[in-house]
Amino acid sequence: MGNRDERYRGDRPRRPRTEEPRPRNSRSGNSYGSRDERPRSSRSAGSYNGTSRARRVYPGEEERGRSYMDDSNRRGARERRELARRKKRKKKIILVVVEVILLLLVAVAAFGFFYVKNLWDKVEKPTDFRREEIQTNENIPESVKQAKEKYTTILLFGVDSRSNKNLTSPGANADTDIIACINNETKEVKLVSILRDSFFETTEGKHDKLTDIYSKYGVKEAIQTINRNLDLTIDQYVTVNWKAVADTVNMMDGLDLELSSAEVKALNNYIDEVISVTGLDSVHVDVNDGYESDQVKDADNLMYHLDGVQVLTYARIRSVGHHDLTRAERQRTVIAAMMAKAKTLSLGELEDICETIMPGISTNLSLTDVLGLVLDVGDYTMGENTRIPFDQMYRDQEDKGPAYVYYYHLTDNVAKLHEFLYGTKNYAPTNTVQKISDYIDEYRQSHK
């Protein structure tokens with residue numbers, strides 16, 4: 001590097017250190033720290049004095065109005081500026097495209113909302129009660145309250161109403177009573193049939209069949225009775241009539257179900273009545289039309305392709321099997337088959353079905369509830385299904401008049417129900433259920 005005094009600062013040698021400091025604002029061109037008064041355009045390469053922050057000017061460069069870069073640098077700068085402009089313009093275009101897409105999505109969503117709302121306006125809604133007015137038992141355990149957050153539980157009623165009217169008010173028998181429990185996280189659906197002849201206690205302390213309670217007092221009391229006797233907090237329901245079920249199956253192009261020869265015979269015995277009630281065309285099932293399939297569970301049975309009226313009649317058979325117990329099982333089989341078939345249909349086909357069956361449905365579900373359920377329909381899986389009362393936990397006997405199904409004991413059935421639906425181990429029923437259970441046991445003993 002050499003002597004420190006010989007080091008360069010720019011193109012000029014450093015001023016040697018002296019004992020006498022020079023004035024910093026000296027006009028001499030050789031003075032360290034002096035100010036160069038010449039025009040910038042005439043300064044030489046050696047005019048850099050070390051104190052100016054200005055860009056260094058090289059020989060041949062021109063200032064004022066012209067680029068100080070050579071041709072290649074000038075072209076590079078122009079390209080960089082153009083690239084920056086393109087990027088900025090491209091970003092604006094992307095933002096515009098995103099805005100347009102969002103507007104289209106909003107438009108589609110709005111159309112979908114109003115379309116669904118238009119369909120939903122055709123559904124019968126209760127006007128005599130609100131959801132929050134539905135009664136539940138006092139001192140419901142914390143496990144039931146927590147289950148209400150984790151599960152969506154809905155009561156499904158199928159009534160033999162002979163028209164699209166009178167679905168929920170007194171006068172319609174609830175032949176189908178099913179608890180549908182949806183796990184909000186896993187989307188697993190469990191079904192529990194409540195036998196229509198279950199001997200239950202109403203909120204007013206009266207005792208009757210569940211189907212007759214629906215017929216005498218309407219849907220609100222039917223829901224409250226189920227909550228009272230089973231320690232549940234259900235406040236949502238869906239009721240459908242015969243024709244809605246038959247229409248749905250017809251628009252699904254029928255269902256393939258497993259039937260025994262005895263069930264085919266029973267179906268043909270009842271189908272004429274169902275044809276008359278629904279006003280839909282159908283025919284008797286030819287026992288020879290059955291075909292073998294891997295889905296058949298009983299080796300003596302065959303698979304049959306049934307239309308809507310035939311499926312509805314099959315679901316109402318009581319004479320084959322153990323009366324209402326077997327019928328409840330058939331109803332759950334039909335629901336599971338309909339759910340599986342619905343997953344194979346297009347959006348347009350599902351829309352057509354909705355438009356057709358909406359007048360035959362009553363529910364207190366809100367439009368928001370329905371949209372939430374519909375959005376998850378592709379994720380639903382059918383889990384276990386059963387019925388209450390459970391095996392070996394009931395007594396079926398004839399009284400002087402109607403036949404009742406007595407729960408033996410009701411408390412044991414309720415504990416097992418909560419374990420099945422919500423996974424609650426060792427559930428302890430409320431005092432209300434305990435008192436009803438004691439009354440049923442005493443009543444059954446006195447009516448042998």
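Since this is a predicted model, take the numbers as computed values, not measurements. (Residues numbered from 1 in each chain as written. Predicted model: local features only at pLDDT ≥ 70, side-chain atom pairs only at ≥ 80, totals over all residues. Heavy atoms only, no water.)

**A short note on the packing of helix α5 (residues 242-251) against helix α7 (residues 308-315)**
Contact pair α5 / α7: the axes reach a minimum separation of 7 Å and the direction vectors enclose 130 degrees. Taken together, α5 and α7 sit at an angle that is classed as oblique. Crossing angle aside, the handedness with which α5 passes α7 is right-handed. From α5, Trp 242, Val 245, Ala 246, Val 249 and Asn 250 reach across to α7, where they touch Gly 308, Val 309, Val 311 and Leu 312. Class assignment of the residues belonging to the contact of α5 with α7 gives a composition of seven nonpolar, two polar and no charged. (Axes fitted to C-alpha atoms, helices over the stretch in contact; angles between N-to-C directions. Helix = DSSP H or I, 4+ residues; strand = E, 2+ residues; numbered from the N terminus. Parallel < 35°, antiparallel > 145°, perpendicular 65-115°, else oblique. Left-handed = near helix turned anticlockwise from the far one by under 90°. Contact = heavy atoms within 4.5 Å. Nonpolar A, V, L, I, M, F, W, Y, C, P; charged D, E, K, R; others polar.)

**With respect to the nonpolar core**
Core analysis: the largest hydrophobic core is formed by 46 residues, its most contacted members being Phe 157, Ile 179, Ile 194, Leu 230, Leu 232 and Leu 421. Among the nonpolar cores identified, the runner-up in size contains 42 residues, and Ala 244, Ala 266, Ile 357 and Leu 365 belong to it. (Core = buried A, V, L, I, M, F, W, Y, C linked by side-chain atoms within 4.5 Å. Buried < 20%, exposed > 50% of the residue type's maximum accessible area, 1.4 Å probe, protein only.)

**Description of the layout of surface pockets**
A volume near 720 Å³ is recorded for the second largest pocket. The wall of the second largest pocket is formed by 21 residues, among which Leu 257, Glu 258, Lys 297, Tyr 314 and Thr 333 lie closest to the centre. Breaking the lining of the second largest pocket down by element, the ones donating at least two residues are β9 (255-259), α8 (323-342) and β12 (381-388). Ranked by the residues each element gives to the lining of the second largest pocket, the list is headed by α8, at eight residues. Split into classes, the residues belonging to the lining of the second largest pocket amount to seven nonpolar, six polar and eight charged. (1 Å grid on protein atoms, 1.4 Å probe; cavity = no way out; pocket = protein on both sides within 12 Å on 5 of 7 lines; lining within 4 Å. Points joined across faces, edges and corners; volume = space filled by probe spheres on them.)

**Let's talk about the side chain of Glu 221**
When you line up the elements, Glu 221 lands in helix α4 (residues 219-230). No salt bridge is formed by the buried Glu 221, whose closest oppositely charged neighbour, Arg 228, lies at an N-O distance of 7.1 Å. In this structure, Glu 221 is in contact with Thr 202, Thr 203 and Ile 213, ignoring residues within four places of it in sequence. (Lys, Arg positive; Asp, Glu negative; His and termini not counted. Salt bridge = Lys/Arg side-chain N within 4 Å of Asp/Glu carboxyl O.)

**Quick look at the confidence of the model for the protein chain**
If pLDDT is low for a region, its predicted coordinates should not be looked at in detail. Residue-level pLDDT values for the protein chain average 78, and 71% of them are 70 or greater. When mean pLDDT is compared element by element in the protein chain, α4 scores highest at 96, while strand β1 (residues 8-9) scores lowest at 46. Under a pLDDT of 50 for its full length, residues 41-54 has, in the predicted model, 16 contacts with residues more than four places off or in other chains. Under a pLDDT of 50 for its full length, residues 60-69 has, in the predicted model, eleven contacts with residues more than four places off or in other chains. (pLDDT = per-residue confidence, 0-100.)

**Description of empty space enclosed by the protein**
Evaluated as defined, the whole model comprises one cavity of 30 Å³ or more. Of the voids in this model, the largest cavity is the one considered here, and its volume is about 40 Å³. Where the lining of the largest cavity is concerned, the elements lending two or more residues are β4 (174-183), β5 (188-194) and α8. Of the residues belonging to the lining of the largest cavity, the class tally is two nonpolar, three polar and four charged.

**Structural notes on the pattern of salt bridges**
Applying the stated rule across the entire model yields 17 salt bridges. The closest approach of N and O atoms between Arg 196 and Asp 175, which form a salt bridge, is 3.1 Å. Pair noted here: Arg 196 is in the loop between β5 and β6 (199-201) and Asp 175 is in strand β4, with a separation of 21 residues, a long-range link. Taking the relative accessible area as the measure of exposure, Asp 175 reaches 8% and is therefore buried. One salt bridge connects Asp 197 with Arg 196, and the closest N-O pair in it is separated by 3.3 Å. Overlapping salt bridges, with partners in common, bring together Asp 175, Arg 196, Asp 197, Lys 209, Arg 316 and Arg 318 in one network.

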